[in-house]
Amino acid sequence: MRSLAPPGCSELDLGGAYLMPGLFNMHTHFSLSLPGPGGDGVRGLGPHELALYMASGARRTLLGGVTSVRCVAEKDHADFALRSAIDAGLVAGPRIFTAGRALVCTGGHGHDSTDTLECDGAAGFARGVRSQLKAGADLIKVMISGGIAGQYEQISTPQLTRDELAAVLEIAHAWGRKVTAHAGPAPAIAQAVELGLDCVEHGYQLTPEVAALMAARGTHLVPTLVVTRCGEFFDSLGVPAWMQQRSLDAGPDHARSYQLALAAGVPIMLGSDMPPFWPFEGTTATIRELEHLAGFGLAPLAALRAATATPAGWLGQQGRLGVIQAGATADLIAMDADPTAEVSALRGLRWVMKGGTVVRDDRHDDRHYDRHDTGQDTGAPS
Ligand SMILES: [Zn+2]
């Protein structure tokens, strides 16, 4: 075949594979610690052990085809060290866009871990935003309602006052950073969207009115559908029954809510909440979430955009990441089946390139990445 490559470019033969941009996972926590013995193991790590543990997750994530992640609450600012180490080529991992610690009211969602920062009052939240920007945050994450993993709250519990939320948005936007919110109930989401919120995480209980408002304002949704249908994952971490029950119970409303958002035209982005590389139902949590996005109503090509071009745009990387075009960064993945026909084609992912460097090629490397490198291979805390 005649070469179309400009002089000086190298050519790679992928053996007839389908090529697409590397995946984005827009809701990750490399330092996730849920209630239960699995999470206790992570909470017990010292700062140096935690950084290495997170680096291991980052490497598995990249090998699983995820070339960019958005971290939305990480412990002890280890995410900033990890981001620097990856950017410097010291460790393998995806491009990291991170919120640092998530801002939460005293006693609010996730308050009992060092991946959040308790703030109160408008001045307190303004200081919270500034403290994350000072550390190097690319975006701000705030918990505006209860959730699944909080024992003394309900998903529907509103947790920020209007003044507190307005302060977060004003400071973040003045510094050119977007804000995403962990949010369940429709009234809390409506208020936040009116105030200028850029993205909603989970959105367990949307209504047609709130979905229409989000669409009109361009507020994105990261539904994290897998998080209310992952009993096997919770079991493996010893997550207590009350939390599993709350998760399972939220599942049907969660899916309905996602479908309302689709019907209203809300921009959707892939995010797993589960560790992005986690082996789950025969694939990774990231690809399982992609299958849920498609299974509950997005056409395959639209689901692929939710995992590539749309997140790149939200992160201010349009034309640079999440696309295949001249001048864009070569973050690419390849598989043998056509992902635009069926997103499950990504289960057969066999080649990953980040920034023009091949980091996985199953044909030329007899290691089995799915089993050893993207898998849970030791008794490491999880
Ligand atoms: Zn989360």
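Note that the coordinates shown come from a computational prediction; the quantities given were computed from them, not determined experimentally. (Residues numbered from 1 in each chain as written. Predicted model: local features only at pLDDT ≥ 70, side-chain atom pairs only at ≥ 80, totals over all residues. Heavy atoms only, no water.)

In terms of helices and strands, the chain carries 13 helices and 15 strands. The C-alpha radius of gyration computed for the chain amounts to 20 Å, which stays within 12% of the reference 21 Å derived for 382 residues, consistent with globular compactness. In terms of principal-axis extent, the alpha carbons of the chain reach across some 65 × 45 × 40 Å. Of all 382 residues assigned to the chain, the portion counted as buried reaches 56%. In the chain, the share of contacts with a sequence separation of at least 24, taken over all contacts with a separation of at least 6, comes to 67%. Surface exposure of the chain reaches about 15,100 Å², of which carbon and sulfur atoms provide 54%. Of the charged side chains in the chain, 30 are positive and 40 negative; the average position of the first set lies 4 Å away from that of the second. (Helix = DSSP H or I, 4+ residues; strand = E, 2+ residues; numbered from the N terminus. Rg over C-alpha atoms; globule rule 2.2 N^0.38 Å. Buried < 20%, exposed > 50% of the residue type's maximum accessible area, 1.4 Å probe, protein only. Contact = heavy atoms within 4.5 Å. Areas by Shrake-Rupley, 256 points an atom, 1.4 Å probe, with all protein chains shown as cover. Lys, Arg positive; Asp, Glu negative; His and termini not counted. Charge placed at Lys NZ, Arg CZ, Asp CG, Glu CD.)

Right, let's talk about the side chain of Asp361 for a bit. Position of Asp361 relative to the elements: it lies in strand E15 (residues 357–361). The exposure class assigned to Asp361 is buried, which follows from its relative accessible area of 12%. Within the structure, Asp361 has its side chain in polar contact with the side chain of His364 (distance 2.9 Å). (Polar contact = N/O pair within 3.5 Å; in protein donor to acceptor, adjacent residues only side chain to side chain.)

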